[in-house]
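Chain by chain, the residues run as shown.
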Amino acid sequence: MQLDTFMAGLERRNHSQPEFLQAVREVAEKVIPYINAHPEYEEARVLERLAEPDRVLMFRVTWEDDEGGIHVNRGYRVQQSNAIGPYKGGLRFDPSVNLGILKFLAFEQVFKNSLTTLPMGGGKGGSDFDPKGKSDREVMRFCQAFMTELQRHIGKDTDVPAGDIGVGGREIGYLFGQYKRLRNAFTGAMTGKGAKWGGSLIRPEATGYGSVYFAREMLAHRGEEIAGKRCLVSGSGNVAQFTAEKLLELGATVLTLSDRSGTIHAPDGLTRDDLSAAMDLKNNRRGNLEELADRDGLEFHEGIKPWGIECDAAFPSATQNEIQDVDAKTLLDNGCTVVCEGANMPSSPDAAHRFEQAGIMYGPGKAANAGGVAISGLEMTQNSMRISWSREEVDQRLQSIMQSIHATCVEYGSDGDRVNYVQGANVGGFVKVADALMAYGTM
Ligand code: NDP
């Protein structure tokens, strides 16, 4: 099987979806050599099957603003693969959302969910709706309209959505409330729910905490520790906030947070109070980071990403392709030896290749940020069992899942005394799903 031939076919069918093609190429580069060593996968055309979603749903969402104006948005759900469990993946509400971006996210999700060791397939969905600048009631009406259609296609054993960019606790509440009302059933059909209404403890923290646990594993594998490392964190949403929180707890220095307006830089490190102020600003007041510029010890760099600041470790936790090749070069020139991706596909292909070639500890998103969906999987388990585990128990399970993902990366990605985590995550995630597809025969 040849990468170029495979990609040429994919490009013909998906030429207007650059992010999807980028995500598939990254996987195919690593998986095709493995397939060539195991020809049964090629005969069954397993990679071609995985690159074609089981189903794509696209629907109109009509909602009313506070002045009575009518708006029309587009809603999506990409059900990529349920080979090893119900479709599982978040919903993104952002004006940039289109089918290609959701297909990239759904494709990545299949491999990520496989790595968690839990029985979850892959999916993703969302809308081009922008929650920014909308009142709570407008967001509620949009979520109710969105779920009125989506509810036909999801369910605890079918497809279990969660949050992503623009979909946090508030949106999950409105979405799940509408699901429950229309279906007259309280079931675990969504995760990320509030702890008082079926959610799991540690779910809000899980992606960020998990990303730091993964960095800790990569460092321990090389005999190093995270305490004392100077870290850049991008983003200031769910993933970034809890990445920063766990880094501070483990004795690292957090130099930055960022958002669409720019970067907050704390040359001596963010304090816990700075982080609390950022959380309040983002979660309660929904403002921009520049509003923190007048706090002691903080500088604000308008319109600039964090990557130019000298550091030991980078935790990109905002969005796709936020590290371009030039940023990767700067990070490496400045001595950065750990890149741990809280966001999905935050490194452009050139940047990712540069990190791999440099042999640094480079944890790709599908391994490093799998903690969020892993705890979503545990939320499903708790809902089915009608029990809830303690904070300590869930955190313990999160740590052991991140260790097990690391071990899978080492198993499939070891290269001499180095680990290529991109190779390890892609091949390790692929094998389980591919074997399930083979077991089902041709379908
Ligand atoms: P949030 O909406 O909570 O936060 C997103 C943050 O990233 C915000 O600070 C936002 O800035 C910033 N951001 C978004 N787009 C851009 C952009 N184009 N340029 C600059 N900054 C941007 O989302 P999450 O924290 O949930 O998600 C962040 C990333 O992590 C995404 O890639 C997501 O797919 C991934 N992820 C999330 C998981 C989860 O459990 N939530 C699980 C696994 C991966 P602003 O505040 O200005 O909007």
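Computed from a prediction, not measured in an experiment: that's the story for all the values here.

Residue position: Arg137 is located in helix H6 (residues 136–150). Judged by its relative accessible area of 55%, Arg137 falls in the exposed class. Sequence separation between Arg137 and Lys124 is 13 residues, and the spatial gap between their C-alpha atoms is 25 Å.

Judged by side-chain charge, Glu40, Glu42, Glu43 and Asp435 come together as a negatively charged surface patch. Among the elements that line the negative patch, the one with the most residues is helix H3 (residues 39–43), at 3 residues. Tracing the sequence through the fold places Asp435 in helix H16 (residues 421–440). The exposure class of Asp435 is partly exposed, given its relative accessible area of 39%.

Further remarks concern the sheet that holds strand E8 (residues 262–265). Across the sheet, which stays open at both edges, the 7 strands sit in the order E9-E8-E7-E6-E10-E11-E12 with mixed pairing between neighbours. Each end of this open sheet is capped by a strand with a single partner; those strands are strand E9 (299–302) and strand E12 (361–363). The mean inter-strand angle of the sheet, taken between neighbouring strand axes irrespective of direction, is 15°. The pairing of strand E10 (residues 313–315) with strand E11 (residues 338–340) spans 2 bridges and is parallel. Along E11, the bridge assignment pairs Ala314 with Val339. Against the sheet, helix H8 (residues 203–221) touches E10, E11 and E12, its axis set at about 145° to E11.

Here the domain parsing of the chain yields domain 1 (53–185) and domain 2 (206–368). Here the C-alpha centre of domain 2 lies 27 Å away from the C-alpha centre of domain 1. With 14 residues of domain 1 in contact, the opposing surface of domain 2 contributes 10 residues. Of the roughly 1100 Å² buried between domain 1 and domain 2 on both sides combined, carbon and sulfur atoms contribute 46%.

This part covers the side chain of Thr256. By secondary structure assignment, the location of Thr256 is in strand E7 (residues 253–259). Aside from chain neighbours lying at most four places away, what touches Thr256 is Cys231, Leu232, Val233, Thr263, Ile264, His265, Pro306 and Ile309.

So, about the site of the ligand. Around the ligand sit 24 residues, and of these Lys132, Asp164, Thr207, Lys282 and Asn344 come closest. Measuring from an oxygen atom of the ligand, one finds a side-chain N or O atom of Arg92 at 3.0 Å. In the model, an oxygen atom of the ligand is placed 2.9 Å from a nitrogen or oxygen of the Arg260 side chain. Bound to the protein, the ligand loses 83% of the 900 Å² it would expose on its own. When residues of the shell around the ligand are traced back to their parent elements, those giving at least two are H8, helix H9 (238–249) and E7.

Two faces belong to every sheet, and in a regular strand the side chains alternate between them. Counting buried residues in strand E3 (residues 87–93) gives 7 out of 7 residues, a clear majority hidden from the surface. Relative to strand E4 (residues 122–127), E3 is paired through 3 bridges, and the arrangement is parallel. If you follow Leu91 over to E4, its bridge partner there is Gly125. Handedness of the crossover joining E3 and E4 through helix H5 (residues 99–115) is recorded here as right-handed.

Here the focus is H16. Over its 20 residues, H16 runs 29 Å from end to end, which matches the ideal 28 Å to within 8%, given 1.5 Å per residue. Helix geometry: H16 is bent most strongly at Val431, by close to 25°. The distance from a side-chain oxygen at the start of H16 to the backbone nitrogen of Val422 is 3.0 Å, and the residue carrying that oxygen is Asn420. One or two steps after H16, the chain reaches Gly441, where phi turns positive at roughly 80°.

Here is what the cut-offs are and how they apply
Residues numbered from 1 in each chain as written. Predicted model: local features only at pLDDT ≥ 70, side-chain atom pairs only at ≥ 80, totals over all residues. Heavy atoms only, no water. Helix = DSSP H or I, 4+ residues; strand = E, 2+ residues; numbered from the N terminus. Buried < 20%, exposed > 50% of the residue type's maximum accessible area, 1.4 Å probe, protein only. Patch = residues over 30% accessible without salt bridge, like charges linked within 9 Å, V, L, I, M, F, W, Y side chains within 5 Å. Areas by Shrake-Rupley, 256 points an atom, 1.4 Å probe, with all protein chains shown as cover. Salt bridge = Lys/Arg side-chain N within 4 Å of Asp/Glu carboxyl O. Lys, Arg positive; Asp, Glu negative; His and termini not counted. Charge placed at Lys NZ, Arg CZ, Asp CG, Glu CD. Pairing = 2+ DSSP bridges. Axes fitted to C-alpha atoms, helices over the stretch in contact; angles between N-to-C directions. Contact = heavy atoms within 4.5 Å. Domains from an automatic or database assignment. Buried area = accessible area lost by both parts, 1.4 Å probe. Near = heavy atom within 4 Å. Polar contact = N/O pair within 3.5 Å; in protein donor to acceptor, adjacent residues only side chain to side chain. Right-handed = clockwise from strand over helix to strand, strands pointing away. Expected span 1.5 Å × (residues − 1). Bend = angle between axes of the 7 residues up to and from the residue.

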